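If you want the building blocks of each chain, they are given just below.
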Amino acid sequence: MTTTAESTTELLGLFPPGSRVDPDGELVVGGCRLAGLAAEWGTPLYVIDEAAVRAHVRRVRRALGAAWPDSRMVFASKAFPVTAMYRLMAEEGIGVDVAGAGELAMALAGGVDPARIIVHGNAKTPAELRMALHARAGLIVIDNTDDIEALEELADGEQPVLLRVLPGVRPDTYDAVATGQAGSKFGLPLPAARAAIARLRRSRKLRLDGLHVHIGSQILSAEPFAHAVEAIAGLGEFRTYDLGGGLGVRYTYADCPPSPEDWIGALAGAARQVLPSGAELIIEPGRSLVAPFGVTVYRVVSVKGDDPRFVAVDGGMADNMEVALYGQRFEATVTSRVGGGSRVELVGRHCESGDRLVSGVALRDARPGDLVAVPVTGAYCVTMANNYNGALRPPVLFARDGQSRLVVRRETLADLMSRDVPPA
Ligand SMILES: Cc1ncc(COP(=O)(O)O)c(C=O)c1O
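All values reported here derive from a predicted model rather than from experimental measurement.

A. Inspection of the site of the ligand at higher detail. The immediate surroundings of the ligand are formed by 15 residues, with Ser217, Gly246, Glu284, Arg287 and Tyr380 found nearest. Lys78 has a polar side-chain atom sitting 3.0 Å from an oxygen atom of the ligand. Glu284 places a polar side-chain atom, nitrogen or oxygen, 2.8 Å from a nitrogen atom of the ligand. Out of a free accessible area of 390 Å², the ligand has 90% covered by protein chains.

Right, here's the structure in full:
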């Protein structure tokens, strides 16, 4: 763990584009002063720069269209499963991928065209498959032969499907989010995929449109993506190839992910070499579409010790599981004193020693009552928020050009107990 630089400019580089420091020193995201948002909505608080997400989605769409005209992009909605985000993606004209009934329900509630929904899952229940069929989801991705049997039984008419293939590619990322290597629970390895393809081609109900691969998440180099395309090319010629998501983002000063253009260039370059030229390409990024545009705002509750110096805030592993689950490194700043400072242990309020938000982060003179912002929390943090120690899940604000709107309210104590069945 080392951080190399914490100047104001370098720190701002981890916040959504356009973030700035006001003349009085206060951090501004999406045109909104974080102190103002925290005063109005309390902390912890997730803030998403809506304009930045929209601009980024358009950039990635443009890059994809330029590299491979017969293509489309879907948002891997597990990265930010909130109705307002489904609506935003629908407004931007892209589809979504869903895994599970909850994500499908939110996608439909958010106004996503069912034809643009891709249904995933390595353990889809019959109820979920029925729901996907009933919704007329555009594509269902077959993960295993049980999916084939269940769909054969449940489908009334023709259902377009893709087959998820395990390409045997291990990208350099956290074990928990590497999904393309031999032994992964996702998809079928090449020999089993060949057999499933033969079976699907005989199916009277399931129309095999093509193949799907997704090798993992937070991948910081383009090569493994190209290797995955090469790995599935020998399985025959198909109309559609869904090449998954997985592009990593810059969480810390040291991270250097490929640009979306470079990522798409690597996919399209490999596709040009080994896939049919008339094929349709799909990409399904999640993290890279939203992570850099989200910020979590906390209030400092207590500061103690000198070596180490603990700065404890009013959130932690209940609103950001990425640290405890993978060891993801973040950066942070006091919102009214951006940049500089001395190294502290930024810790949460939950009853585990592993509840550290950022170890050894430079904060300038953090004191109880200060606000601390952690950037790059726009993916998988809302997703995995939980009620550890009875924590109330934070609200989500979309900030845009100086205006903010609440898209998820803070959980209440009544919400927390709403499913408990009182004793008879
Ligand atoms: C099938 C599938 N597609 C796409 C994604 C999105 O990955 P990322 O958020 O890393 O882009 C995931 C994430 O786990 C996934 O499982």
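B. Broad picture of the side chain of Asp97. By secondary structure assignment, the location of Asp97 is in strand S6 (residues 95–99). When near neighbours in sequence (up to four residues on either side) are disregarded, Asp97 contacts Val74, Phe75, Ala76, Ser77, Lys78, Glu103, Ile118, His120 and Glu284.

C. Spatial organisation of the domain arrangement of the chain. Segmenting the chain into domains produces domain 1 (4–49 + 291–416) and domain 2 (51–290). Here the C-alpha centre of domain 2 lies 31 Å away from the C-alpha centre of domain 1. Counting from both sides, the interface comprises 34 residues of domain 1 and, opposite them, 27 residues of domain 2. Approximately 2,600 Å² of surface area, both sides summed, lies buried where domain 1 meets domain 2, with 64% of it carried by carbon and sulfur atoms. The largest per-residue losses of area from domain 1 upon contact with domain 2 belong to Phe293, Tyr326 and Tyr380, which jointly make up 23% of the total buried on that side. The interface formed by domain 1 and domain 2 includes 11 residue pairs in polar contact (both at pLDDT 80 or more). For the side of domain 1 that touches domain 2, the elements supplying multiple residues, two or more each, are helix H1 (8–12), strand S4 (45–49), helix H12 (322–326), strand S20 (396–400) and strand S21 (403–408). Counting residues per element, the side of domain 1 that touches domain 2 draws most heavily on S20, at 4 residues. Taken together, the residues of the side of domain 1 that touches domain 2 break down into 19 nonpolar, 7 polar and 8 charged.

D. Representation of unusual backbone geometry within the structure. In this chain, Thr43 is followed by Pro44 through a cis amide linkage whose omega measures -10°. With respect to the helices and strands, Pro44 occurs in the loop between helix H2 (34–41) and S4. The linkage connecting Asp307 with the following residue, Pro308, adopts the cis geometry, with an omega of 5°. Examined against the element boundaries, Pro308 turns out to sit in the loop between strand S14 (294–304) and strand S15 (310–313).

Cut-offs and rules
Residues numbered from 1 in each chain as written. Predicted model: local features only at pLDDT ≥ 70, side-chain atom pairs only at ≥ 80, totals over all residues. Heavy atoms only, no water. Near = heavy atom within 4 Å. Polar contact = N/O pair within 3.5 Å; in protein donor to acceptor, adjacent residues only side chain to side chain. Areas by Shrake-Rupley, 256 points an atom, 1.4 Å probe, with all protein chains shown as cover. Helix = DSSP H or I, 4+ residues; strand = E, 2+ residues; numbered from the N terminus. Contact = heavy atoms within 4.5 Å. Domains from an automatic or database assignment. Buried area = accessible area lost by both parts, 1.4 Å probe. Nonpolar A, V, L, I, M, F, W, Y, C, P; charged D, E, K, R; others polar.

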